[in-house]
Structure formats: structure tokens, C-alpha cells
Amino acid sequence: MMSNLNSKLFSAADNLRSKMDASEYKNYLLGLIFYKFLSDKLLEKVVELADESQVEYATLDKQAELYIELLEDEDTRSDLKESLIDTLGYEIEPDYLFNVLTNQAKQNIFQLNDLNKAFIDLSTKYIQFSGLFDDVDLQSNKLGANDQQRNITISEVIKKLNDIDLIGHKGDVIGDAYEFLISQFASEAGKKAGEFYTPSEVSDMMARIVTIGQEHHRMFSVYDPTMGSGSLMLNVRKYLDYPDSVKYQRTSHINLPA
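Residues numbered from 1 in each chain as written. Predicted model: local features only at pLDDT ≥ 70, side-chain atom pairs only at ≥ 80, totals over all residues. Heavy atoms only, no water.

When its secondary structure is counted, the chain shows 10 helices and 2 strands. Overall, the chain shows an N-to-C arrangement of helices and strands of α-α-α-α-α-α-α-α-α-β-α-β. Taken across its 258 residues, the chain has 40% of its residues classed as buried. Here the contacts in the chain between residues at least 6 apart in sequence split such that 68% fall between residues at least 24 apart. (Helix = DSSP H or I, 4+ residues; strand = E, 2+ residues; numbered from the N terminus. Buried < 20%, exposed > 50% of the residue type's maximum accessible area, 1.4 Å probe, protein only. Contact = heavy atoms within 4.5 Å.)

Turning our attention to the confidence of the model for the chain. Considering every residue of the chain, the mean pLDDT works out to 84; 88% of them sit at 70 or more. Across the chain, element-level confidence peaks in helix H5 (residues 98–106) with a mean pLDDT of 96 and bottoms out in helix H8 (residues 173–188) with 73. (pLDDT = per-residue confidence, 0-100.)

Turning our attention to helix H6 (residues 112–125). Each turn of an α-helix holds 3.6 residues, which means side chains three or four residues apart point in the same direction. For H6, which comprises 14 residues, the first-to-last C-alpha distance of 20 Å matches the rise-based estimate of 20 Å (1.5 Å per residue) to within 8%. Of all the residues in H6, the buried ones are Leu112, Leu115, Ala118, Phe119, Asp121, Leu122 and Ser123. Contacts from the buried residues of H6 go to helix H2 (22–49), H5 and helix H7 (147–161). (Expected span 1.5 Å × (residues − 1).)

Now for helix H4 (residues 74–87). With 14 residues, H4 extends 21 Å from end C-alpha to end C-alpha; this agrees with the ideal 20 Å at 1.5 Å per step. Its side-chain oxygen 2.8 Å from the backbone nitrogen of Asp75, Asp73 forms the N-cap of H4. Gly89 occupies a position one or two residues after H4 and carries a positive phi of about 95°. (Polar contact = N/O pair within 3.5 Å; in protein donor to acceptor, adjacent residues only side chain to side chain.)

Before going further, it helps to examine the pattern of salt bridges. Pairing is possible between side chains of opposite charge, provided their charged atoms come close. Evaluated as defined, the whole model comprises 13 salt bridges. Linking Asp14 and Arg17 is a salt bridge whose minimum nitrogen-to-oxygen distance equals 2.3 Å. Note that Asp14 and Arg17 are positioned in helix H1 (residues 2–17) at a spacing of 3 residues, about one turn of the helix. According to the relative accessible area criterion, Asp14 is partly exposed, its value standing at 42%. (Salt bridge = Lys/Arg side-chain N within 4 Å of Asp/Glu carboxyl O.)

Relative to the assigned elements, Gln63 resides in helix H3 (residues 60–72). Beyond its immediate sequence surroundings of up to four residues, Gln63 is in contact with Leu43, Glu44, Val47, Tyr57 and Ala58.

Mapped onto the elements, Leu234 comes out in helix H10 (residues 231–236). Given the relative accessible area of 48%, Leu234 is considered partly exposed. When the C-alpha atoms of Leu234 and Val246 are compared, they prove to be 9.3 Å apart, with 12 residues separating the residues in sequence.

Within the chain, Asp51 stands out as a residue other than glycine whose phi angle is a positive 55°. In this structure, Asp51 sits in the loop between H2 and H3. The class for Asp51 is exposed, based on a relative accessible area of 69%. Within the chain, Asn108 stands out as a residue other than glycine whose phi angle is a positive 60°. Note that Asn108 resides in the loop between H5 and H6.

Angle between the axes and distance between the axes: these two values describe a pair of packed helices. Relative to each other, H2 and H4 sit at 120°, their axes nearing to 11 Å. With respect to H4, the element H2 is oriented oblique. Considering the relative orientation of H2 and H4, their crossing is right-handed. Contact with H2, carried on its side by Leu42, Lys45, Val46 and Leu49, involves Leu80, Ser83, Leu84 and Thr87 of H4 and no other residues of that element. Classifying every residue of the contact of H2 with H4 by side-chain character gives 5 nonpolar, 2 polar and 1 charged. (Axes fitted to C-alpha atoms, helices over the stretch in contact; angles between N-to-C directions. Parallel < 35°, antiparallel > 145°, perpendicular 65-115°, else oblique. Left-handed = near helix turned anticlockwise from the far one by under 90°. Nonpolar A, V, L, I, M, F, W, Y, C, P; charged D, E, K, R; others polar.)

What follows deals with the pairing of strand S1 (residues 220–224). Residues Phe220, Val222 and Asp224 point to one face of S1 and are all buried, whereas Ser221 and Tyr223, pointing to the other face, are not buried. Pairing of S1 with strand S2 (residues 246–250) involves 5 bridges; the strand directions are parallel. Across the sheet, the residue bridging to Val222 is Tyr248, located in S2. (Pairing = 2+ DSSP bridges.)

The next subject is the packing of aromatic side chains. Applying the stated criterion across every chain, the model contains 6 aromatic pairs. Centre to centre, the rings of Phe34 and Phe129 are 6.3 Å apart; their planes meet at 65°, and the pair counts as edge-to-face. In this pair, Phe34 is assigned in helix H2 and Phe129 in the loop between H6 and H7, connecting sequence segments 95 residues apart. Under the relative-accessibility criterion, Phe129 is labelled buried at 7%. Each ring, one from Tyr90 and one from Phe129, has its centre 5.7 Å from the other, and the planes form 80°; the classification is edge-to-face. Taken together, the residues span a long stretch of sequence, with Tyr90 in the loop between H4 and H5 and Phe129 in the loop between H6 and H7 at a distance of 39 residues. Taken individually, Tyr90 and Phe129 each receive the classification buried, so the pair is uniform in this respect. Aromatic ring contacts, followed pair by pair, group Phe34, Tyr90, Tyr126 and Phe129 into a single cluster. The ring of Phe10 carries the charged tip of Arg17 above its face, separated from the ring centre by 4.3 Å. (Phe/Tyr/Trp six-rings, centres within 6.5 Å; stacked < 30°, edge-to-face > 60°. Lys NZ or Arg CZ within 6 Å of the ring centre and 35° of its normal.)

This is the structure in C-alpha cells:
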């Protein structure tokens, strides 16, 4: 699963790599991957709420058809929307579903403005998504010199990302995507990689070390004075018998000696 996720992200990055450096294209890929995850998760929940067969509605397109059908029915529309917001915390208009936009891209009728509207709709309706897609600048000249070229660039990216099975991914798919992309940033940007990225192998080894002999403790506290993404502290959970009782501590501001 991990290699499939990474290979798809790497392939999608090909459409951006020649236009900008990794520190920029990772923002586009992360934003789009997260939006796809929200879209795919919603469709999975629709099938569950409708109590329909997972086999019959195994594809995103079938799930989207069911979603549209339920929303068109006055008897189910309001209850479905209410249930989605109660369980997921959001809803997405059918026209803004990731796979719907991807199908438009495959038919060469995709409009970049529709994706922009989708981002705006989600981030303005729900406070938890406010500002989340600010780094995905769909009007950037780096995507293309004009709207048509930018349209083509993003179309190719979303077509490749749509093939990723985010719901079936084992583990934290957004975290895994971020880790892969930040590693590419560190290796490709030609900068001091250690300032931006700690390889997962190092983080895993350190987590193992700090938990040696502590595995059976019901209460465990871990402190990282130089926390970045928090991956080291989160990795500690994997080596404890009571991962849900871990207390995490961090320093928000550090004064280092000159």
C-alpha cells in the first residue's frame, strides 16, 4: 500500500516537478490528496448510512450516483445532509466530489474554477477547514502561463491522484503522504535536509530506544523540546501496551544558545 501511495504521488509530481521546486509542489499534492480523502470518505459514509451493499457500490462512481440519487429525493435529502454533518463534520456538493471533477478532466471539460469553488465552499462552511487550502494557488503562473495551461496541469495531476485508494490505505494516509513528500523536498531542494525532515527510520529507532523497559507502564509521558510535525512522539505509541494513555509534551518556543 505504501509503495503504491508513494509511486502515485511521485507520478503526479512529474506534472509539477519541472514547473516548481519540491517545497512548492508538495503543497498542491497534499491539498489535493486531503480533499480527495474528504470526498472519498464522504461517499463511503453515504453507502453506510443508506445501508447499501459495499459490493454493489464498490466504486467511487457508483457511490457518487447513489449520493446524487439520495439528494434528489426530498424525503432523504435533509436527513442525509444532517447525518453526514453529525458523523463527519462536513458535506460536499455532488458537483465538487473529487471523482466527479476527475471524470470531467478525463472528458476534457474540467474547469479549474470549479475546483477553486470546491475549496472555498468547504473552507467557508466549516471552520475546521478554514485556510486549509490557502497554499494551493490555482492561479499561480507556475502552473501555466494562462488559464488553459493551468487547467491542463491540474487536470493531469488529479487524474493520477484519483487512482489512489485512500480509504483502503492501512495507517495514516495523510501522514504517510506528507512524510513521503517532505522527504522528496529534503532530497530535491538541495538544502540541509535535516532542517526539514527526519527520516522515518531515525524517528522509529528513537521511539524504540525511549520505550525500552517502559512498555508495560499504564502511564507514559514523552517530551520533545524540538517538535516539528510530532512524528517522533506519535511513533512512541507503537511500542507501548497502553498507547491511549500516553501524555505528550512539547515546547512551543525554544531559545537556543548562540
